[in-house]
Amino acid sequence: SNGGTVMRTPLIAANWKMHKTTGEAARYGQELLEELARRQVSVSASEQGQPGQVAVVVCPPFTALAALGGVLRGSPVALGAQNMHWETSGAYTGEIAAPMLLDLGCRYVILGHSERRQMGETDEQVHRKVRAAAAAGLIPIVCVGERIEERRAGETEAVVTRQVRAAFQHLDAAAVARAVIAYEPVWAIGTGEYASPEEANRVIGLIRATLAGMLGGETAAAVRILYGGSVKPDNIGPFMAQPEIDGALVGGASLDAKAFADIIEQAEVNAA
Ligand code: 13P
């Protein structure tokens, strides 16, 4: 999308959640690269691509990062993780640190997904993780979004604004400019229901205005803000046509390489 003078390269991100073994991940990687080549989709190897390009990242479980990373190495498709701890090392049994993700070739990390917030992850913890990711040079994909009861209570704006402020407080403009935000209404995740493109565009515009209030319009205009929640090949087009929406974070439909390639192709064609 074009926000005034700033050109943002669309980003299509796959969140596999708790799916796929190492063998399945490697096969998927091969198939995805083949499908993208066959469709002649122009994937940017960097966050700032050429006009007409899209950036792509796949976020498998930790256990499949090495296998998928091996297949994607040398391709423009980036590797990302689904979570990390805010400390760089230490006595944190079962946790994974940013240097370990960098070591496996990760460029992105999803933080604050609603499925983690549901298990008790707080705004404060998300903030610590965002700060740690930025310090390590990983690009955070920070998830925000209201639950159905919050939406019914008319609290969507308040919830999303609070989550954005908490995640990015005390960060400098350069770190925030590189970050990605995913607006994922919780009621639209895995349900087949999705926000209307106009409604998603409105909330994403509000997110950008919140960032502008914190760090200025230039920084806010650089941040890529995605929509997530039941994105499929046949509904991505209208989302991409919205001026504030810079891409999608895709769960279920990203598990099939052909469907995910379809989404990427449609994103490239429909980018506003
Ligand atoms: P679905 O695409 O399965 O609705 O999941 C969305 C999501 O949570 C991506 O992070």
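Here goes a summary of the coordinates provided. (Residues numbered from 1 in each chain as written. Predicted model: local features only at pLDDT ≥ 70, side-chain atom pairs only at ≥ 80, totals over all residues. Heavy atoms only, no water.)

**What to know about the pattern of salt bridges**
Scanning the model with the defined rule gives 23 salt bridges in all. Between Asp-262 and Arg-39 there is a salt bridge whose closest N-O contact spans 2.3 Å. Pair noted here: Asp-262 is in helix 12 (residues 257–270) and Arg-39 is in helix 1 (residues 22–39), with a separation of 223 residues, a long-range link. According to the relative accessible area criterion, Asp-262 is partly exposed, its value standing at 28%. Judged by its relative accessible area of 15%, Arg-39 falls in the buried class. We note a salt bridge from Glu-150 to Arg-147, for which the minimum N-O separation is 3.0 Å. For Glu-150, a relative accessible area of 11% corresponds to the buried category. Take Arg-147: its relative accessible area is 36%, and that puts it in the partly exposed class. Here the residues in one salt-bridge network are Glu-31, Glu-35, Arg-38, Arg-39, Lys-258, Asp-262 and Glu-265, joined through shared partners. (Salt bridge = Lys/Arg side-chain N within 4 Å of Asp/Glu carboxyl O. Helix = DSSP H or I, 4+ residues; strand = E, 2+ residues; numbered from the N terminus. Buried < 20%, exposed > 50% of the residue type's maximum accessible area, 1.4 Å probe, protein only.)

**Quick notes on the site of the ligand**
Every residue lining the ligand is accounted for by Asn-15, Lys-17, His-113, Glu-184, Ala-188, Ile-189, Gly-190, Gly-229, Ser-230, Leu-249, Gly-251 and Gly-252. The side chain of Asn-15 places a nitrogen or oxygen atom 3.0 Å from an oxygen atom of the ligand. Between the ligand and the protein, one listed contact pairs an oxygen atom with a side-chain N or O atom of Lys-17 at 2.9 Å. Taken by itself the ligand offers 310 Å² of open surface, and the protein chains cover 96% of this. Residues that form the shell around the ligand fall into these classes: three nonpolar, seven polar and two charged. (Near = heavy atom within 4 Å. Polar contact = N/O pair within 3.5 Å; in protein donor to acceptor, adjacent residues only side chain to side chain. Areas by Shrake-Rupley, 256 points an atom, 1.4 Å probe, with all protein chains shown as cover. Nonpolar A, V, L, I, M, F, W, Y, C, P; charged D, E, K, R; others polar.)

**Observations regarding the packing of aromatic side chains**
Evaluation of the coordinates by the stated rule reveals three aromatic pairs. For the pair Tyr-194 and Phe-239, a centre-to-centre distance of 5.9 Å together with 65 degrees between the ring planes defines the contact as edge-to-face. Taken together, the residues span a long stretch of sequence, with Tyr-194 in the loop between strand 8 (180–183) and helix 9 (197–215) and Phe-239 in helix 11 (residues 236–240) at a distance of 45 residues. For Tyr-194, a relative accessible area of 39% translates into the label partly exposed. Ring plane angle 5 degrees and centroid distance 4.3 Å describe the contact between Tyr-227 and Phe-239, whose orientation is recorded as stacked. One end of the pair, Tyr-227, is in strand 9 (residues 224–228); the other, Phe-239, is in helix 11, with twelve residues separating them in the sequence. With respect to burial, Tyr-227 and Phe-239 carry one shared label: buried. (Phe/Tyr/Trp six-rings, centres within 6.5 Å; stacked < 30°, edge-to-face > 60°.)

**Overview of the packing of helix 1 against helix 12**
For any two helices packed against each other, the geometry comes down to the angle between their axes and how far apart the axes lie. Remark: helix 1 packs on helix 12, axes separated minimally by 9 Å, with the N-to-C direction vectors making an angle of 40 degrees. Regarding the angle of helix 1 to helix 12, the classification is oblique. When the axes of helix 1 and helix 12 are compared, the crossing they make is right-handed. Two secondary-structure elements touch here, helix 1 through Tyr-28, Glu-31, Leu-32, Glu-35, Leu-36 and Arg-39 and helix 12 through Ala-257, Lys-258, Phe-260, Ala-261, Asp-262, Ile-264 and Glu-265. Classifying every residue of the contact of helix 1 with helix 12 by side-chain character gives seven nonpolar, no polar and six charged. (Axes fitted to C-alpha atoms, helices over the stretch in contact; angles between N-to-C directions. Parallel < 35°, antiparallel > 145°, perpendicular 65-115°, else oblique. Left-handed = near helix turned anticlockwise from the far one by under 90°. Contact = heavy atoms within 4.5 Å.)

**Comments concerning the environment of Leu-215**
As for its position among the elements, Leu-215 is in helix 9. In the structure, Leu-215 is positioned 34 residues away from Ile-181 in sequence and 15 Å away in space, judged by C-alpha atoms. Leu-215 has contacts with Leu-171, Asp-172, Ala-173 and Val-176, leaving out every residue within four places of it along the chain.

**Topic: the pairing of strand 8**
The alternating pattern of strand 8 places Val-180 and Ala-182 on one face and Ile-181 and Tyr-183 on the opposite face, and all of these are buried. Where strand 7 (residues 139–144) lies against strand 8, four bridges are found, and the strand directions are parallel. Across the sheet, Ile-141 pairs through a bridge with Val-180, a residue of strand 8. Examined bridge by bridge, strand 8 and strand 9 share four bridges and lie parallel to one another. Its bridge partner being in strand 9, Ala-182 is matched across the sheet by Leu-226. (Pairing = 2+ DSSP bridges.)

**Things to note about the pairing of strand 4 (residues 55–59)**
Among the five residues that make up strand 4, five are buried, leaving the element largely enclosed by the rest of the structure. Because side chains alternate across strand 4, one face comprises the buried residues Ala-55, Val-57 and Cys-59, and the other comprises Val-56 and Val-58, equally buried. Strand direction decides the pairing type here: strand 3 (residues 11–15) and strand 4, joined by five bridges, are parallel. The residue bridging Ala-13 from the neighbouring strand is Val-57, located in strand 4.

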